[in-house]
Amino acid sequence: MSNFEIITTDDGSPSVYSKIYSEACHNLSGAYQETLYNFVQGCEINKLDHRPIKILEVGFGTGMGFICTIENCPKPIRFVSFEKHEEMVELAKEIHPLYKDLRKVPGGYGLQAGESEILILIGDARDRIKEIKEQFDAIYQDAFSPRKNKELWTKQWFKDLYKLSHDKTILSTYSSSVSIRKALIESGWLLSNRKGHGNKKLATIAKRTGETDKEIIEKLKRSSVEALSDEIISFPPN
Ligand SMILES: C[S@@+](CC[C@H](N)C(=O)[O-])C[C@H]1O[C@@H](n2cnc3c(N)ncnc32)[C@H](O)[C@@H]1O
C-alpha cells in the first residue's frame, strides 16, 4: 500500500497527502496559488535578470515548484530540488505530464524544458546539500511543517543553506514559527515579515543583507521557545 495519495485542492490543482508525515504537500485552499504566492512571488523571481536564474527547492514533492516557476517566469531557470522519497517522482509524473520526460542521472533525475532545467537530488537533503558547489538566487524552503519535518528546519540546516546563498539571495518560507525564526537568525539570516498565503497570518522572508524587522526581534525575545537544532530534535520519520 502506498504512503502517498494524490488529492485535488480547492483551486483545482493537484497535491499529494503523505501518510508518513500525516500532511499534504500544500494548503488545501490551492496548491498552485500557494506555490505562486509563497515562492515565485516571495522570492521575487520576476525581478531577476540572470541567465539562468538559479533556484534551490527544499522538497520536490509533487513538482509544483518548478512547474509554477517556469509558467510564470519567461527567463531560463536552473532549478535544483531535494527529495528523500523517490516515490514522489513517480507521482509527479502522474500529476504533471512534463515530468514524463524526466531521465535518470547519477544520484537523481533531470529534465530540460526549453531553456530551463531541473535536477532532482534523491536522498536526505542534509547529505545531498554537501555535494552542491553553486550559489542560488532564490531558496524555496518548502519542507513539511516544522513539527513533522524538524530536520529541515534546524539552525544546522539553515547554515548549510546560507553557504549556498549570496548577498542578494532571497529565502522564502510559509512558516513564521518562533523556533524556526530563531534557527534562521542563529545561522546568519536576517528576517522580515510577509503576509501569509490565504488565511495564514504571516510568512517569513530571509536575506543576508539589510536588517531583521524590529517587530520580529521583539517577539522572539519575549518567547522562551528554543531555536530548532539537531541537538534537540528526535529522529525524523523514514
Ligand atoms: C511539503 S512537500 C514539498 C512540496 C513541493 N515543493 C511541491 O510543490 O509539491 C515536502 C517534501 O520534502 C520531502 N522531504 C522531507 N524530508 C526530507 C529530507 N530530509 N530530505 C529530502 N526531502 C525531504 C518530502 O518527501 C516531501 O516530498
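Just so it is clear, the structure is predicted and the values come from calculations on it, not from any experiment.

Caption draft 1: Structural view of the packing of helix α1 (residues 31–41) against helix α2 (residues 64–72). Taken N-terminus to C-terminus, the directions of α1 and α2 make an angle of 75°; their axes are 9 Å apart at the nearest point. In this view, α1 runs roughly perpendicular relative to α2, as classed from their interaxial angle. The segment α1 lies against α2, with Ala31, Tyr32, Thr35, Leu36 and Val40 engaging Met64, Gly65, Cys68, Thr69, Glu71 and Asn72. Tallied by class, the residues present in the contact of α1 with α2 amount to 6 nonpolar, 4 polar and 1 charged.

Caption draft 2: How the structure looks around the nonpolar core. With 32 residues, the main nonpolar core has Ile45, Ile55, Tyr99, Ile118, Ile120 and Tyr140 as its most contacted residues. For this core, the secondary-structure elements that each account for two or more residues are α1, β4 (53–58), α2, β5 (77–83), α3 (87–95), β7 (108–113), β8 (116–122) and β9 (136–141). Broken down by element, the residue count for this core peaks at 5 residues, all from α1. In this structure, Tyr140 is in contact with Phe39, Val40, Cys43, Ile45, Ile55, Leu56, Glu57, Val58, Gly65, Thr69, Phe79 and Ser172, ignoring residues within four places of it in sequence.

Caption draft 3: The sheet that holds strand β1 (residues 4–8), seen in detail. On the basis of which strands lie adjacent, the open sheet formed by 3 strands has the order β1-β2-β3 and antiparallel pairing. Single-partner strands in this sheet number two, and they are β1 and β3 (23–24). Examined bridge by bridge, β1 and strand β2 (residues 14–18) share 5 bridges and lie antiparallel to one another. Bridging from a neighbouring strand, Ile6 pairs with Val16 of β2. With respect to the sheet, α3 is in contact with β1 and β2, its orientation differing from that of β1 by roughly 30°.

Caption draft 4: Molecular detail of α3. Inspection of α3 places Met88, Val89, Leu91, Ala92, Lys93 and Ile95 among the buried residues, and these make up the whole buried set. Structurally, α3 contributes buried residues whose contacts are with β1, β2, β5, β7 and β8.

Caption draft 5: Inspection of the packing of aromatic side chains at higher detail. Inspection of the entire model under this criterion finds 9 aromatic pairs. With a centroid separation of 4.5 Å and 25° between ring planes, the pair formed by Tyr21 and Phe144 is classed as stacked. Placement of Tyr21 in the loop between β2 and β3 and of Phe144 in the loop between β9 and α5 (155–163) is noted, with a sequence separation of 123 residues between them. Look at Tyr21 and you get buried, because its relative accessible area is 4%. For Phe144, a relative accessible area of 14% translates into the label buried. Summarising the aromatic geometry, the rings of Tyr162 and Trp189 are spaced 5.3 Å apart at their centres and angled 85° between planes, so their arrangement reads as edge-to-face. In this pair, Tyr162 is assigned in helix α5 and Trp189 in the loop between α6 (178–186) and β11 (190–195), connecting sequence segments 27 residues apart. A relative accessible area of 1% means that Trp189 is categorised as buried. Here the aromatic cluster, defined as three or more aromatic residues joined through ring pairs, consists of Phe39, Phe66, Phe79 and Tyr140.

Caption draft 6: Inspection of the side chain of Asp142 at higher detail. Tracing the backbone through its elements, the reader meets Asp142 in the loop between β9 and α5. No salt bridge is formed by the buried Asp142; the nearest opposite charge belongs to Lys200, separated by 11 Å. The residues contacting Asp142, other than those within four sequence positions of it, are Phe39, Val58, Gly59 and Tyr174.

Caption draft 7: Structural view of the side chain of Thr173. If you trace the backbone, Thr173 turns up in strand β10 (residues 165–173). Not counting residues within four places of it along the chain, the set of residues in contact with Thr173 comprises Phe39, Gln141, Trp153, Ile180, Ala203 and Thr204.

Caption draft 8: A look at the site of the ligand. Neighbouring the ligand are 24 residues, the closest being Gly59, Thr62, Glu83, Asp142 and Glu151. The backbone of Gly65 places a nitrogen or oxygen atom 3.4 Å from an oxygen atom of the ligand. Between the ligand and Glu151 there is a distance of 2.8 Å, counted from a nitrogen atom to a side-chain nitrogen or oxygen. Considered on its own, the ligand offers 610 Å² of accessible surface; in the complex 99% of this is hidden by protein. Of the residues assigned to the shell around the ligand, the class counts are 9 nonpolar, 9 polar and 6 charged.

Calculation notes
- Residues numbered from 1 in each chain as written.
- Predicted model: local features only at pLDDT ≥ 70, side-chain atom pairs only at ≥ 80, totals over all residues.
- Heavy atoms only, no water.
- Axes fitted to C-alpha atoms, helices over the stretch in contact; angles between N-to-C directions.
- Helix = DSSP H or I, 4+ residues; strand = E, 2+ residues; numbered from the N terminus.
- Parallel < 35°, antiparallel > 145°, perpendicular 65-115°, else oblique.
- Contact = heavy atoms within 4.5 Å.
- Nonpolar A, V, L, I, M, F, W, Y, C, P; charged D, E, K, R; others polar.
- Core = buried A, V, L, I, M, F, W, Y, C linked by side-chain atoms within 4.5 Å.
- Buried < 20%, exposed > 50% of the residue type's maximum accessible area, 1.4 Å probe, protein only.
- Pairing = 2+ DSSP bridges.
- Phe/Tyr/Trp six-rings, centres within 6.5 Å; stacked < 30°, edge-to-face > 60°.
- Lys, Arg positive; Asp, Glu negative; His and termini not counted.
- Salt bridge = Lys/Arg side-chain N within 4 Å of Asp/Glu carboxyl O.
- Near = heavy atom within 4 Å.
- Polar contact = N/O pair within 3.5 Å; in protein donor to acceptor, adjacent residues only side chain to side chain.
- Areas by Shrake-Rupley, 256 points an atom, 1.4 Å probe, with all protein chains shown as cover.

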